[in-house]
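Here is how the chains run, residue by residue.
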Amino acid sequence: MRKQLLTVFFVAFVGLFSVQAQGVVGKWKTVDDETGEAKSIVEITESGGKIYGKVVEILNPAKKNAKCKDCSGEDKDKPILGLTIIKGLKKSGDEYTEGKILDPNKGKLYKCTVKLDGHDKLNVRGYVGISLIGRTQTWSRVK
């Protein structure tokens, strides 16, 4: 009985640790907060202690070859597929902050915070100035 109880606790501990270790890294389905339409798959990775997100799939076949025509700088006229839209977020407590998010449809770059909501939901907030002036999308983890 004691061995079984220890085994259950060990499995639960390892499972909890692997969920926390995974964090925001992975693939996420983006949803337009205004229309509710699924738009793309973004792969979030970590590099040098910062978080980045790249569009790896566009879900609307009519927009598969879309370019970031309204973007400025190095992102101008780049294909949205393969574009890094989350740039340089740093972990701060239970969220990631101090980075930027690009809206490729509008060509605008916003301040950004990202926070897990459970294991399979990610709240992504883009804003101008202070966090109160912005909007939040909830993305779903792709398994």
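Since the structure is predicted, the reported quantities are computational estimates derived from the model, not experimental observations.

Trainee: Explain unusual backbone geometry here, please?
Mentor: Here D77, not a glycine, exhibits a phi torsion of approximately 65°, which is positive. Within the fold, D77 resides in the loop between β3 (50-58) and β4 (84-92). The partly exposed category is assigned to D77, whose relative accessible area is 42%. Phi at E98 is positive, roughly 65°, even though this residue is not glycine. Tracing the sequence through the fold places E98 in strand β5 (residues 95-103). Overall, the relative accessible area of 60% leaves E98 in the exposed class.

Trainee: Would you mind showing me how to read the confidence of the model for the protein here?
Mentor: Parts of the model with low pLDDT should not have their predicted coordinates read in detail. Taken as a whole, the protein shows an average pLDDT of 86; of its residues, 85% reach a score of 70 or greater. When mean pLDDT is taken per element in the protein, β3 scores highest with 98 and helix α1 (residues 2-22) scores lowest with 41.

Trainee: Looking at this structure, I do not really get the side chain of S40. What am I missing?
Mentor: Tracing the sequence through the fold places S40 in strand β2 (residues 38-47). If we skip the residues at most four places from it in the chain, S40 touches W28, K29, T30, V55, E57, I58 and L59.

Trainee: Where do I start with the pattern of salt bridges in this structure?
Mentor: Charged atoms that come close allow side chains of opposite charge to pair. Across all of its chains, the model carries seven salt bridges by this definition. Between D94 and K115 there is a salt bridge, and its shortest N-O distance comes to 3.3 Å. A residue pair is termed long-range when its members are at least 10 positions apart, and D94 in the loop between β4 and β5 and K115 in strand β6 (residues 108-116) qualify at 21 residues. K115 sits in the partly exposed class, given a relative accessible area of 33%. Close ionic contact of D120 with R141 constitutes a salt bridge, the shortest N to O distance being 3.7 Å. One end of the pair, D120, is in the loop between β6 and β7 (121-127); the other, R141, is in strand β8 (residues 134-141), with 21 residues separating them in the sequence. Of the residues examined, R141 reaches a relative accessible area of 10% and is grouped as buried. Put simply, D120, R141 and K143 are held in one network by salt bridges that share partners.

Trainee: Would you mind going over the state of the cysteines with me for this structure?
Mentor: Throughout this description, disulfide means a covalent bond between two cysteine sulfur atoms. Summed over all chains, the structure comprises one disulfide. The residue that forms a disulfide with C68 is C71, at a sulfur-sulfur distance of 1.5 Å. Summarising the burial analysis for this pair, C68 and C71 share the class buried.

Trainee: Sorry if this is basic, but what is going on with a nonpolar patch on the surface here?
Mentor: A cluster of nonpolar side chains, namely I130, L132 and I133, defines an oily patch on the protein surface of about 350 Å² accessible area. Within the secondary structure, I130 is located in the loop between β7 and β8.

The rules behind these values
Residues numbered from 1 in each chain as written. Predicted model: local features only at pLDDT ≥ 70, side-chain atom pairs only at ≥ 80, totals over all residues. Heavy atoms only, no water. Helix = DSSP H or I, 4+ residues; strand = E, 2+ residues; numbered from the N terminus. Buried < 20%, exposed > 50% of the residue type's maximum accessible area, 1.4 Å probe, protein only. pLDDT = per-residue confidence, 0-100. Contact = heavy atoms within 4.5 Å. Salt bridge = Lys/Arg side-chain N within 4 Å of Asp/Glu carboxyl O. Disulfide = S-S within 2.5 Å. Patch = residues over 30% accessible without salt bridge, like charges linked within 9 Å, V, L, I, M, F, W, Y side chains within 5 Å. Areas by Shrake-Rupley, 256 points an atom, 1.4 Å probe, with all protein chains shown as cover.

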